[in-house]
Amino acid sequence: MTITITPTESAGVSRRMQISVPADTVASYEEKAARKYATQARIPGFRPGKAPAAMVRKRYAAEVRQEAIELAMNDAFREAVEREGLKLAAQPHVHDLKAEPGQPLEFELHCEVRPELALEKLEGFTVTRRDSIVTDDLIEEQIEKIREQKADWAPVEDKPAPGDMVTVMLSTADADGSLPEGKEYRLVLGGGQAIAGIEELIMETAPGGTTERQVRWPEDFPDESQRGSTKLVRVVLTDVKRKSLPALDDAFARELGDFDTVQILRDAVRTDMGEHSKREADAEVRGQIIDQIVEANPFDVPKAWVMQLVDGYMQMYGVPEAEKQRFTQEFIPMAERQVRRDLIIDTIAERESLTASASAVDARIEELAKARNVDPGQVYAQLQKSGRLQEIERELTEDRVFGWLLEKNPVTTA
């Protein structure tokens, strides 16, 4: 195809080029489009496909012209990408289209290309691993959280105290000072679900009782219009429930699972917390080395890839339409970091031949099958059906890449 390509921008991963298709070439595309319409056109008085070409072109002039422009643009785009040797990161965009009859077809093509990473510096970084020891205090704290989750709530006749769960009918005076009908709320006192003044009012009220008085809103209240204001508040306390923690004994341990004693439960919690702490420490080490590689080897990333990641997370989290703009602005830096991380891992894996092999994936599947006491073929089929085989390969590849990096950048313990 005879076209003229004039690059207008080549910065980072962004490419812009002015493309011009000669008028006679555009005319040949019109002829091609007209012949296509001639074989399909239905014109009264003629059998399908038998109407004169001149009549078809006159009757479907706009359609023929539009199809010719689209065909010419698509072929010109492919020719430009091939001629310029571009490795596109996403579908390009056309701007400033000029398509006057009898004139050359002209447009500017905006596109992003896949970044090529040099990664000249991959050694000499400072990597520190935090101490991941699980203390007895942390274990007891975790066990207390488990007891909290298993707690019973029993009704009491006392005035409520911090930590109690209350059901109240709450009324706040309108602008004219009148108290509307109350709305029911269920609160755990001391949890920050209500402002301090209202919680104090609730704790002055006995179950079944009513209390009302002026309450001052705090100066840091989220709604600026209400900060420091004083309003009449009425509280009708319906009921009070107090939390009762289960005894920390062997019976409690057995209730949670295959733990015959509290000590066995503590040992299991220590193991789980240790593994979790190790995973977190590993992730922090990997994050440190990636950040230093990015700083030492700066490179641009395609905006299209970043926005694709942002859109994926918005769908996963079910972000409502009204929050999408705020979410996008907050998440873009995280998405850019993730794209850079993936590119670095892919580049090193390819350069150093560290990509996980099929046999390594099979070995990992056998490990998973053994842990579940099922047939490896069953695990393979499940992973294949859910599209997670690639995740296994990716995980193994990342392990090999970070293993290679940490051989070159020793880790010190904080």
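Everything numeric here is computed off the predicted structure, so don't read it as measured data. (Residues numbered from 1 in each chain as written. Predicted model: local features only at pLDDT ≥ 70, side-chain atom pairs only at ≥ 80, totals over all residues. Heavy atoms only, no water.)

Q: Explain the packing of aromatic side chains to me, and be specific about the residues and the numbers.
A: Taken as a whole, this structure holds 4 aromatic pairs when the rule is applied. Grouped by ring-pair contacts, the aromatic residues Tyr313, Tyr317, Phe327 and Phe331 constitute a single cluster. A cation over a ring is seen here: Lys231 above Trp217, with NZ or CZ 4.7 Å from the ring centre. (Phe/Tyr/Trp six-rings, centres within 6.5 Å; stacked < 30°, edge-to-face > 60°. Lys NZ or Arg CZ within 6 Å of the ring centre and 35° of its normal.)

Q: Explain the domain arrangement of the protein chain to me, using residue names and the numbers behind them.
A: It is common to give the size of an interface as the accessible area lost on bringing the parts into contact. Each assigned domain of the protein chain is listed with its residue range as follows: domain 1 (4–112), domain 2 (152–244) and domain 3 (252–413). The straight-line distance from the C-alpha centre of domain 1 to that of domain 3 is 45 Å. Taken together, the contact pairs 5 residues of domain 1 with 6 residues of domain 3. Together domain 1 and domain 3 conceal approximately 410 Å² of surface at their shared face, both sides included; 64% is due to carbon and sulfur atoms. When the buried area of domain 1 at its contact with domain 3 is split by residue, Val13, Ala89 and Glu112 rank highest and sum to 80% of it. Across the domain 1-domain 3 interface, the total number found is 0 salt bridges. Linking domain 1 with domain 3 are 3 residue pairs in polar contact (both at pLDDT 80 or more), by the criterion used here. Among the residues forming the side of domain 1 that touches domain 3, the class breakdown is 3 nonpolar, 1 polar and 1 charged. (Domains from an automatic or database assignment. Contact = heavy atoms within 4.5 Å. Buried area = accessible area lost by both parts, 1.4 Å probe. Salt bridge = Lys/Arg side-chain N within 4 Å of Asp/Glu carboxyl O. Polar contact = N/O pair within 3.5 Å; in protein donor to acceptor, adjacent residues only side chain to side chain. Nonpolar A, V, L, I, M, F, W, Y, C, P; charged D, E, K, R; others polar.)

Q: Tell me about the pairing of strand β2 (residues 14–21), and please be specific about residues and values.
A: In this sheet, β2 lies alongside strand β1 (residues 4–11) in antiparallel orientation, the contact comprising 7 bridges. Following the sheet pairing, Thr4 is matched in β2 by Ser20. Where β1 folds back onto β2 in an antiparallel hairpin, the turn is made up of 2 residues, including Gly12, whose phi is positive at roughly 60°. Bridging between β2 and strand β4 (residues 105–112) involves 8 bridges; their strand directions are antiparallel. Bridging across to β4, Arg15 finds its partner in Cys111. (Pairing = 2+ DSSP bridges. Helix = DSSP H or I, 4+ residues; strand = E, 2+ residues; numbered from the N terminus.)

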